[in-house]
Amino acid sequence: MSNTLDFYFDVGSPTAYLAHKRLQQLGEQYPLEVNYIPILLGGVFKSTGNTSPVAIPAKGKYMMEHDLPRFAARYNVVLNFNPHFPINTLMLMRGAIAAQHLNCFDEYIDLVFDAIWVQQKDMGDAEVVGQLLTEAGLNTDALLTQSQDPGVKAELVANTEAAVARGVFGAPTLFMDGAMYFGQDRLDFIEEALRA
């Protein structure tokens, strides 16, 4: 069995945030290598005809008020609904790829996920993003410049298209040993596989 997991994510998804936090916990308990693959969830939805769960008001209310807080409590992590949701994450997801190229991805992704889902920041605002990156000691100019590079933009598109071709219809989606798992609420199956 391979202990490498492909994690398709978009930081605008609260379930991707929960998956990120839980995968960090699992990585401390088991030999697990997580391959983070930034995608644009809006592009996935457009290609697959899918929509956000919150597009159905009753379902969105249930998820935000009951389901997701239950999982946050189970994982012992903070989850605060962001008043700016939904956030346009195009800049942030390009930034994630730029951070991978600049070898500061771990710091970047923790910062961005926490800014959205703990601190409730408006991360669709470039000024807010720049200030947070700078305060965290990251090279803001390099990240923002690299995120506008045509190669980075193309990589995000390619990641998204490859995800759809692989069967991805939402985020988070995970693959391990060729098996696909959709949603952070399927991580118990990942843990079972790791335990085995």
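Residues numbered from 1 in each chain as written. Predicted model: local features only at pLDDT ≥ 70, side-chain atom pairs only at ≥ 80, totals over all residues. Heavy atoms only, no water.

Peer 1: Which residues make up the overall build of the protein, and what are the values?
Peer 2: Across its full length, the protein carries nine helices and four strands. Beginning at the N terminus, the succession of helices and strands in the protein can be written as β-α-β-α-α-α-α-α-α-α-β-β-α. Viewed in the frame of its principal axes, the protein has a C-alpha envelope of about 45 × 40 × 35 Å. The buried share of the protein, taken over its 196 residues, is 45%. Expressed as a percentage of contacts within the protein between residues at least 6 apart in sequence, the contacts between residues at least 24 apart total 75%. For the protein, the accessible area works out to roughly 9,600 Å², and carbon and sulfur atoms hold 51% of it. (Helix = DSSP H or I, 4+ residues; strand = E, 2+ residues; numbered from the N terminus. Buried < 20%, exposed > 50% of the residue type's maximum accessible area, 1.4 Å probe, protein only. Contact = heavy atoms within 4.5 Å. Areas by Shrake-Rupley, 256 points an atom, 1.4 Å probe, with all protein chains shown as cover.)

Peer 1: Could you give an account of the packing of aromatic side chains, naming the residues involved and the relevant values?
Peer 2: One pair of aromatic rings is described through two measures. These are the centre distance and the angle between the planes. Taken as a whole and assessed by the stated rule, the structure comprises 12 aromatic pairs. Aromatic side chains Y8 and F175 sit 5.8 Å apart centroid to centroid with 80 degrees between the ring planes, which places their arrangement in the edge-to-face category. Highlighted residues: Y8 in strand β1 (residues 4–9) and F175 in strand β3 (residues 173–176), separated in sequence by 167 residues. Consider the rings of F71 and Y75, whose centres lie 6.0 Å apart with planes at 45 degrees: the pair is tilted. Pair noted here: F71 and Y75 are both in helix α3 (residues 57–75), with a separation of four residues, about one helical turn. The rings of F7, F9, Y17, Y36, F105 and F113 are connected pair by pair, giving a single aromatic cluster. (Phe/Tyr/Trp six-rings, centres within 6.5 Å; stacked < 30°, edge-to-face > 60°.)

Peer 1: Would you mind going over empty space enclosed by the protein in detail, with residue names and values included?
Peer 2: Taken as a whole and assessed by the stated rule, the structure comprises one cavity of 30 Å³ or more. Counted as a void, the largest cavity has a volume near 50 Å³. For the largest cavity, the full set of lining residues is M91, L92, G95, Y108, V129, L133, L143, L144 and S147. Broken down by class, the residue content of the lining of the largest cavity amounts to seven nonpolar, two polar and no charged. (1 Å grid on protein atoms, 1.4 Å probe; cavity = no way out; pocket = protein on both sides within 12 Å on 5 of 7 lines; lining within 4 Å. Points joined across faces, edges and corners; volume = space filled by probe spheres on them. Nonpolar A, V, L, I, M, F, W, Y, C, P; charged D, E, K, R; others polar.)

Peer 1: Help me get a handle on the layout of surface pockets, residues and values and all.
Peer 2: When its volume is computed, the largest pocket comes out at roughly 810 Å³. Looking at the lining of the largest pocket, the elements that each hand over two or more residues are α1 (14–29), α2 (41–48) and α3. With seven residues, the top contributor of residues to the lining of the largest pocket is α3. Put simply, the second largest pocket is a space of about 180 Å³. Considering the residues around the second largest pocket, the lining is formed by H20, L23, Q24, G27, V34, Y36, D106, I109 and D110. When contributions to the lining of the second largest pocket are tallied by element, the ones reaching two or more residues are α1, β2 (33–38) and α5 (105–117).

Peer 1: I'd like to hear about the packing of helix α4 (residues 90–101) against helix α7 (residues 140–147), residue by residue, with values.
Peer 2: With their axes 8 Å apart at the nearest point, α4 and α7 run at an angle of 115 degrees to one another. Our pair here, α4 against α7, has a crossing hand that is right-handed. Residues R94, G95, A98, A99 and H101 of α4 form the contact with α7, whose participating residues are L143, Q146 and S147. Of the residues contributing to the contact of α4 with α7, the split by class is three nonpolar, four polar and one charged. (Axes fitted to C-alpha atoms, helices over the stretch in contact; angles between N-to-C directions. Left-handed = near helix turned anticlockwise from the far one by under 90°.)

Peer 1: Residue-level account of unusual backbone geometry, with values.
Peer 2: The amide bond that connects F85 to the next residue, P86, takes the cis arrangement and shows omega of 0 degrees. Tracing the backbone shows P86 in the loop between α3 and α4. Cis geometry marks the peptide bond from A171 to P172; its omega dihedral reads 0 degrees. On the secondary structure map, P172 appears in the loop between α8 (150–165) and β3. In the Ramachandran plot, N103 falls in the positive-phi region, its phi being about 60 degrees despite a non-glycine side chain. You can see N103 is positioned in the loop between α4 and α5. Even without being a glycine, Q120 presents a positive backbone phi close to 60 degrees. Structurally, Q120 is set in the loop between α5 and α6 (126–135). Take Q120: its relative accessible area is 34%, and that puts it in the partly exposed class.

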